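# Examining the three-dimensional arrangement
Residues per chain, in single letters:
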Amino acid sequence: LENESKIVNAPSAVNPSWNEEEDRKAQLQFGGKNSVGYQVQILGKVIENDSAVFNMEEIRKTYIKDNPVKAFSIDKNNYFRFKEILVLERPVNAEKMVMALDVGEGSAPTEIIILSQTNKIYKYTYSITVFKLSSEEHYELLDYIMQVINVNTVGVDYTSGVGKAIISHLALKYSEHL
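How each quantity is defined
Residues numbered from 1 in each chain as written. Predicted model: local features only at pLDDT ≥ 70, side-chain atom pairs only at ≥ 80, totals over all residues. Heavy atoms only, no water. Pairing = 2+ DSSP bridges. Helix = DSSP H or I, 4+ residues; strand = E, 2+ residues; numbered from the N terminus. Axes fitted to C-alpha atoms, helices over the stretch in contact; angles between N-to-C directions. Contact = heavy atoms within 4.5 Å. Expected span 1.5 Å × (residues − 1). Buried < 20%, exposed > 50% of the residue type's maximum accessible area, 1.4 Å probe, protein only. Salt bridge = Lys/Arg side-chain N within 4 Å of Asp/Glu carboxyl O. Parallel < 35°, antiparallel > 145°, perpendicular 65-115°, else oblique. Left-handed = near helix turned anticlockwise from the far one by under 90°. Nonpolar A, V, L, I, M, F, W, Y, C, P; charged D, E, K, R; others polar.

Attention now goes to the sheet that holds strand β2 (residues 96-102). Adjacent strands of a sheet form backbone hydrogen bonds with each other and so pair up, either parallel or antiparallel. With mixed pairing, five strands are arranged side by side in an open sheet as β1-β4-β3-β2-β5. For this open sheet the edge positions go to β1 (70-74) and β5 (153-157), each flanked by a neighbour on one side alone. Here the strands of the sheet are splayed against their neighbours by 20 degrees on average, with no regard to which way each runs. Summarising the sheet, strand β3 (residues 110-118) and strand β4 (residues 121-130) pair through nine bridges and their orientation is antiparallel. If you follow Leu115 over to β4, its bridge partner there is Tyr124. In this fold helix α5 (residues 135-149) packs onto β2, β3, β4 and β5, with an angle of close to 10 degrees to the strand it touches most, β3.

Attention shifts here to α5. Side chains of residues three or four places apart in an α-helix project in the same direction, reflecting 3.6 residues per turn. The terminal C-alpha atoms of α5 lie 21 Å apart, and with 15 residues this matches the ideal 21 Å at 1.5 Å per residue to within 8%. The element α5 is largely enclosed, with a buried count of eleven among its 15 residues. Lining the buried residues of α5 we find α4 (82-85), β2, β3, β4, β5 and α6 (162-174). Following α5 by one or two positions, Asn150 has its phi on the positive side, about 55 degrees.

Take the pattern of salt bridges next. Applying the stated criterion across every chain yields a total of four salt bridges. Residue Glu84 is joined to Arg81 by a salt bridge in which the shortest nitrogen-to-oxygen separation is 3.4 Å. Given the relative accessible area of 35%, Arg81 is considered partly exposed. With a shortest N-O distance of 3.1 Å, Lys173 and Asp143 are connected by a salt bridge. You can see Lys173 sitting in helix α6 and its partner Asp143 sitting in helix α5, a full 30 residues away along the chain.

Let's shift gears to the packing of α5 against α6. Contact geometry of α5 with α6 gives a least axis separation of 10 Å together with a crossing angle of 40 degrees. Looking at the two axes, α5 sits oblique to α6. Handedness of the α5/α6 crossing: right-handed. The segment α5 lies against α6, with Ser135, His138, Tyr139, Leu142, Asp143, Met146 and Gln147 engaging Val162, Ala165, Ile166, His169, Leu170, Lys173 and Tyr174. Residue classes in the contact of α5 with α6 are distributed as eight nonpolar, four polar and two charged.

What follows is the structure, given as structure tokens:
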């Protein structure tokens, strides 16, 4: 219980079903044992500073501090009125709108963040958490967001199931934005 409130990055080797074949597949998927993806996803390492792919000092220069982010939550119980709940508008001076999704599987929620870009500065504008919606409900919700704020770019982090269905849907309707 002493580690109750800590985040633990456990390596894949602690999974009883992990074996040499799984490791070989992971190495192929991530591009080898020295890749950042393998180090983080398989070995459970925390990558910091000079080991990171991105220059965090440069990224931090673009942060807008004390930026209020409008947050929304959609689930099976309120989905039927999501258009009333999501009060979204494209900022007047936004040159670009970015929607990034981390598609949840099973009981994990789907997290959607919306960024607006003006003068090379990205502003975290909206946060939308989606719980236990079907693929079709995700499609309708995402289509609505795409149209209301005229999204220019979409990024999706997914593993399988609903995530693959969502990426297929977006690729068919919005291929120029993915």
